[in-house]
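# Structural features, examined
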Amino acid sequence: EISRLRAELASSRMTQNQHISERESREIQALRADSDRLRQEVERLTSSLLEVQTEDTRYRALSQKLLREQSIAKELLDKLRKETRQVDESRSQQMEELELQIADLTANLRMRSQIARDEELSQAQIFGTTGGGDKAGKSQRGKKSRRYIRRKNND
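Predicted model only: the values in this text are computed from it and were never measured.

This part covers the overall build of the protein chain. Helices and strands together make up the secondary structure of the protein chain, namely four helices and zero strands. Counting from the amino terminus, helix and strand elements in the protein chain follow one another as α-α-α-α. Per-residue burial for the protein chain yields a buried fraction of 5% across its 155 residues. By element, 51% of the accessible surface of the protein chain is carried by carbon and sulfur atoms, the whole surface being about 14,900 Å².

This is the structure we're talking about:
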């Protein structure tokens with residue numbers, strides 16, 4: 001509207017080579033002051049907008065960086081969980097095997113103790129199942145072989 005008023009003023013000056021009244025002069029001055037004030041406010045708001053946009057760009061870049069880091073951390077966490085699960089399973093299998101070995105050794109010690117106490121058994125020859133050279137085609141018996149077969153079937 002200010003531009004329109006200026007255009008009207010310029011055209012009226014050309015067409016009427018008269019003097020402007022005091023009231024019209026004050027209105028023109030008020031309009032010019034309003035125009036200057038609005039121009040300064042537009043400049044201030046433009047500067048403020050640029051600052052906000054710069055800050056927004058910084059925050060977006062930081063957000064993207066944090067999202068990438070979060071994604072990497074999640075991948076690492078998943079990898080660590082998988083590795084931990086595998087180690088736990090391996091440890092469980094080792095514990096089972098050690099418990100079976102302990103049970104076998106305990107039974108062996110009991111048997112030796114009984115043999116040492118019993119004179120007739122101490123003179124006998126006992127054939128064990130160790131070695132296994134003659135049993136190439138036979139399947140194993142006992143807890144270990146059942147566990148192995150179960151594990152094989154579950155896989």
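So that's the structure; there's more coming.
A few words now on helix H2 (residues 22-117). When the terminal C-alpha atoms of H2 are compared, their 138 Å separation across 96 residues agrees well with the 142 Å that a helix rising 1.5 Å per residue should span. Among all positions in H2, only Ile28, Ser35, Leu100 and Ile115 are buried.

Now for the pattern of salt bridges. Under the criterion given, the structure shown has six salt bridges. A salt bridge links glutamate 27 to arginine 23; the shortest N-O distance between them is 3.6 Å. Of the two residues, glutamate 27 and arginine 23 both sit in helix H2, four residues apart, roughly one turn of that helix. Judged by its relative accessible area of 55%, arginine 23 falls in the exposed class. We note a salt bridge from aspartate 56 to arginine 60, for which the minimum N-O separation is 2.9 Å. Pair noted here: aspartate 56 and arginine 60 are both in helix H2, with a separation of four residues, about one helical turn. Look at aspartate 56 and you get partly exposed, because its relative accessible area is 34%. Taking relative accessible area as the criterion, arginine 60 reaches 55% and is therefore assigned exposed. Several salt bridges converge on common partners, so that one network encompasses Asp34, Arg37 and Glu41.

All right, on to the confidence of the model for the protein chain then. Across the protein chain, the average pLDDT comes to 81, with 71% of residues at or above 70. Mean pLDDT values over the elements of the protein chain span from 53, in helix H4 (residues 143-154), up to 94, in H2.

So, about a nonpolar patch on the surface. On the surface, Tyr59, Leu62 and Leu66 cluster together to form a nonpolar patch covering roughly 310 Å² of accessible area. In this structure, tyrosine 59 sits in helix H2.

Cut-offs used in this document
Residues numbered from 1 in each chain as written. Predicted model: local features only at pLDDT ≥ 70, side-chain atom pairs only at ≥ 80, totals over all residues. Heavy atoms only, no water. Helix = DSSP H or I, 4+ residues; strand = E, 2+ residues; numbered from the N terminus. Buried < 20%, exposed > 50% of the residue type's maximum accessible area, 1.4 Å probe, protein only. Areas by Shrake-Rupley, 256 points an atom, 1.4 Å probe, with all protein chains shown as cover. Expected span 1.5 Å × (residues − 1). Salt bridge = Lys/Arg side-chain N within 4 Å of Asp/Glu carboxyl O. pLDDT = per-residue confidence, 0-100. Patch = residues over 30% accessible without salt bridge, like charges linked within 9 Å, V, L, I, M, F, W, Y side chains within 5 Å.

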